[in-house]
Amino acid sequence: MKPSRGKLPLPIITVVICAFAIIALLYTQRITSPSPNSILRFKSCSRKKHTPNSSDRDGKNDLDDSEADDKFDFDPEECSIVNGKWVFNSSVKPLYTDRSCPYLDRQVSCAKNGRPDSAYRHWEWQLDDCELPRFNPKTALKKLRGKRLMFVGDSLQRGQWQSFVCLVEHIIPEDKKSMHPGRSHSVFKAKEYNATIEFYWAPFIVESNSDLHIIGDPRQRILRVDSVSKHAKHWLGVDILVFNTYVWWMSGLRIKSLWGSFANGEEGYEELDAPVAYRFGLKTWANWVDSTVNPNKTRVFFTTMSPTHMRSADWNNKDGIKCYNETKPVMKRGHWGTGSDKRIMNVVDSIVEKMKVPVTVINITQMSEHRVDAHSSVYTETQGKLLTDEQKADPLRYADCIHWCLPGVPDTWNQAFLAYL
């Protein structure tokens, strides 16, 4: 018997309905990166449990509360810290100042060095979908009980280390803490917790002829891109390692790169494009991690590049002088300037995703890109001395648009780090 005219057979109708259902399901799902280690992954988070506060009971801030209901609890496996915005909040005070914390370098003590404005200390990085928990010093110290935490890298990494120390040290009694500064290795001890928060100086991560006796002219620096052993012996036995390296690699278009010993002096090196040399160096680091680190005993983190703000035209201030006199973040979503090299981001991503030992990448680059207002600028030192009034009047030459004031942006890096930890 033939089917009646104008009607589709039941199997065809069923297939069509299923196809529409699958398409609708796919449409409503978020897109996730195939790589669990990908720097730019975007995932949804678990639903936040909203707790009414006093403003809820008063019937105020309905809009804010509805936005809070749309937020999710921070889950390191699910939430991305890339997408967000800086929101000014004058009611939130920093946990320390550059006068209350005795462990800050003069280089980053902007208020103490005469910076007149303070708004840069009251901006919060608010994620689009997730709730980034505030930094809790007690929680941090409990997580570090019986452990060694070590930050490894350059002066920007030293800033993050000093930030972390200052965020926790004020709740520790004077006789229960100590600081042992060193030329390449500095150690803060929280005795009651049997914990150390350490910094190890290795600006390139790999060995170079400019590690301790710093060579000012980048053209004279030579990197041994195939070795970290001189540095890595200090990383053994550490429970939590946080690495960073970027800005020293960007001091020239090409880098003198050496394989083997420095015994032959300057002979035997090759000049490589900076991203190519960076890939060799980071691959050497990755091989050390994979061959040496026991992931059951040691957690490894890598902080992405800290942007520089040398070109005010990047944020449409054509009359500006680098980051000098900037008092507000760039509010344009996804702002990206010339001080961050996406080729370097891609190198980190491609190497980390192939590693056997899990490495948690903390992407601080996008959030920091907006903060043209938060650098130490002219409120800093040079060659061990504070800038003179004459030097401050020449920001084109002397404004530091690489390092960050503390308290400031590195505190937010540590807020994210603790959330991942």
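Residues numbered from 1 in each chain as written. Predicted model: local features only at pLDDT ≥ 70, side-chain atom pairs only at ≥ 80, totals over all residues. Heavy atoms only, no water.

### A short note on the pattern of salt bridges
Then, in step 1: Following the criterion strictly, the structure yields 17 salt bridges and no others.
Then, in step 2: In this structure, Arg333 and Asp128 form a salt bridge, with 2.6 Å as the shortest nitrogen-oxygen distance. Remark: Asp128 occurs in the loop between β3 (123–127) and β4 (130–131) and Arg333 occurs in the loop between β14 (299–303) and α8 (342–352); sequence separation between them is 205 residues.
Then, in step 3: On the basis of relative accessibility, which here comes to 47%, the residue Arg333 falls in the partly exposed class.
Then, in step 4: Asp341 serves as the salt-bridge partner of Arg343, at 2.7 Å between the closest nitrogen and oxygen.
Then, in step 5: Overall, Asp341 belongs to the buried group, its relative accessible area being 13%.
Then, in step 6: The network of salt bridges with common partners includes Glu169, Glu174 and Lys177. (Salt bridge = Lys/Arg side-chain N within 4 Å of Asp/Glu carboxyl O. Helix = DSSP H or I, 4+ residues; strand = E, 2+ residues; numbered from the N terminus. Buried < 20%, exposed > 50% of the residue type's maximum accessible area, 1.4 Å probe, protein only.)

### What to know about empty space enclosed by the protein
Then, in step 1: Overall, the coordinates contain two cavities of 30 Å³ or more when judged by the stated rule.
Then, in step 2: As a volume, the largest cavity reaches approximately 40 Å³.
Then, in step 3: In terms of lining residues, the largest cavity is bounded by Val108, Ser155, Leu156, Gly159, His403, Trp404, Leu406 and Pro410.
Then, in step 4: Broken down by element, the lining of the largest cavity gets its largest block of residues, three residues, from helix α5 (residues 155–169).
Then, in step 5: Of the residues belonging to the lining of the largest cavity, the class tally is five nonpolar, three polar and no charged.
Then, in step 6: Put simply, the second largest cavity is a space of about 30 Å³.
Then, in step 7: Together, Asp105, Gln107, Val108, Ser155, Arg158, Gly159, Gln162 and His403 line the second largest cavity.
Then, in step 8: No other element matches the four residues that α5 contributes to the lining of the second largest cavity.
Then, in step 9: For the lining of the second largest cavity, the class distribution of residues is one nonpolar, five polar and two charged. (1 Å grid on protein atoms, 1.4 Å probe; cavity = no way out; pocket = protein on both sides within 12 Å on 5 of 7 lines; lining within 4 Å. Points joined across faces, edges and corners; volume = space filled by probe spheres on them. Nonpolar A, V, L, I, M, F, W, Y, C, P; charged D, E, K, R; others polar.)

### Examining helix α12 (residues 409–420)
Then, in step 1: With 12 residues, α12 extends 17 Å between its outermost C-alpha atoms, agreeing within 8% with the 16 Å of an ideal straight helix rising 1.5 Å per residue.
Then, in step 2: In terms of burial, α12 is largely enclosed, as 12 of its 12 residues are buried.
Then, in step 3: Within α12, the full set of buried residues consists of Val409, Pro410, Asp411, Thr412, Trp413, Asn414, Gln415, Ala416, Phe417, Leu418, Ala419 and Tyr420. (Expected span 1.5 Å × (residues − 1).)

### Brief notes about the sheet that holds strand β15 (residues 359–362)
Then, in step 1: Pairing is mixed in the open sheet, where seven strands are placed in the order β6-β7-β8-β5-β11-β14-β15. The open sheet has two free edges, formed respectively by β6 (177–180) and β15, since each of these has just one partner strand. Shown here is a sheet whose adjacent strand axes are inclined to one another by a mean of 15°, direction ignored.
Then, in step 2: Relative to β15, β14 runs parallel, the two sharing four bridges. Bridge pairing in β15 links Thr303 to Ile362.
Then, in step 3: Across the face of the sheet, helix α7 (residues 274–292) comes into contact with β11 (240–243), β14 and β15 while running at roughly 165° to β14.
Then, in step 4: Here α12 sits on the sheet in contact with β5 (148–153), β11, β14 and β15, set at roughly 150° to β15. (Pairing = 2+ DSSP bridges. Axes fitted to C-alpha atoms, helices over the stretch in contact; angles between N-to-C directions. Contact = heavy atoms within 4.5 Å.)

### Focus on the environment of Asp75
Then, in step 1: Structurally, the position occupied by Asp75 is in the loop between β1 (72–73) and β2 (84–88).
Then, in step 2: Expressed as a C-alpha distance, the spacing of Asp75 and Leu132, which sit 57 residues apart in the sequence, is 9.3 Å.
Then, in step 3: A distance of 2.9 Å separates a polar side-chain atom of Asp75 from the backbone nitrogen of Glu77. (Polar contact = N/O pair within 3.5 Å; in protein donor to acceptor, adjacent residues only side chain to side chain.)

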